[in-house]
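Chain by chain, the residues:
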Amino acid sequence: MGVSERLQFFAKLFKVDENPEAGMWLLYVTILLLAIVVYNLGFARKLPIIKNVIIYALLAFGCTILTFFGAFLPVAEGLLIAALVLGAYKVRLHQAKKNEQM
């Protein structure tokens, strides 16, 4: 079994095996964006700006580490599923609150 056969969907999509530098950067950006979406949908609260800067800096650092795992483990795919589930939850919550007000 070769390296290209063990890559996950996003790693294959970004051709990490053919162009590792550009592919890993694209994978990093994808994981970072999905992590930001998941954080905002599931955990974000109104915080002062300095605390937000710290949180996003730590999130970016953590995504750096996750990117190395993301080539062979379904990190980005899991974040995508989490974003979809949390997005559906937020939509249903908004609809329920809207129906309560009527």
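Look up: the structure comes first, before these words.
Residues numbered from 1 in each chain as written. Predicted model: local features only at pLDDT ≥ 70, side-chain atom pairs only at ≥ 80, totals over all residues. Heavy atoms only, no water.

### Thoughts on helix α5 (residues 75–101)
Okay, step 1: For α5, with 27 residues, the first-to-last C-alpha span of 39 Å sits near the 39 Å given by 1.5 Å per residue.
Okay, step 2: Every buried residue of α5 is accounted for by Val75, Ala76, Glu77, Leu79 and Ala83.
Okay, step 3: Next to the buried residues of α5 lie α2 (9–13), α3 (20–42) and α4 (49–70). (Helix = DSSP H or I, 4+ residues; strand = E, 2+ residues; numbered from the N terminus. Expected span 1.5 Å × (residues − 1). Buried < 20%, exposed > 50% of the residue type's maximum accessible area, 1.4 Å probe, protein only. Contact = heavy atoms within 4.5 Å.)

### Considering the environment of phenylalanine 72
Okay, step 1: Among the structural elements, phenylalanine 72 can be located in the loop between α4 and α5.
Okay, step 2: On a C-alpha basis, the gap between phenylalanine 72 and asparagine 19 in space is 16 Å, while along the polypeptide they are 53 residues apart.
Okay, step 3: Other than its neighbours up to four places away in sequence, phenylalanine 72 contacts Val3, Arg6, Leu7 and Gln8.

### Re the packing of aromatic side chains
Okay, step 1: Applying the stated criterion across every chain yields a total of four aromatic pairs.
Okay, step 2: Ring centres 5.3 Å apart and planes at 75° place the aromatic pair phenylalanine 9 and phenylalanine 10 in the edge-to-face group.
Okay, step 3: By relative accessible area, which is 54% here, phenylalanine 9 ends up exposed.
Okay, step 4: The buried category is assigned to phenylalanine 10, whose relative accessible area is 11%.
Okay, step 5: Arranged with centres 5.8 Å apart and planes meeting at 85°, the rings of tyrosine 39 and tyrosine 56 form a pair that is edge-to-face. With tyrosine 39 in helix α3 and tyrosine 56 in helix α4, this residue pair connects regions lying 17 residues apart in the sequence.
Okay, step 6: On the basis of relative accessibility, which here comes to 13%, the residue tyrosine 39 falls in the buried class.
Okay, step 7: Of the residues examined, tyrosine 56 reaches a relative accessible area of 29% and is grouped as partly exposed.
Okay, step 8: In textbook terms, an aromatic cluster arises when at least three aromatic residues are bridged by ring pairs, as seen for Phe9, Phe10 and Phe14. (Phe/Tyr/Trp six-rings, centres within 6.5 Å; stacked < 30°, edge-to-face > 60°.)

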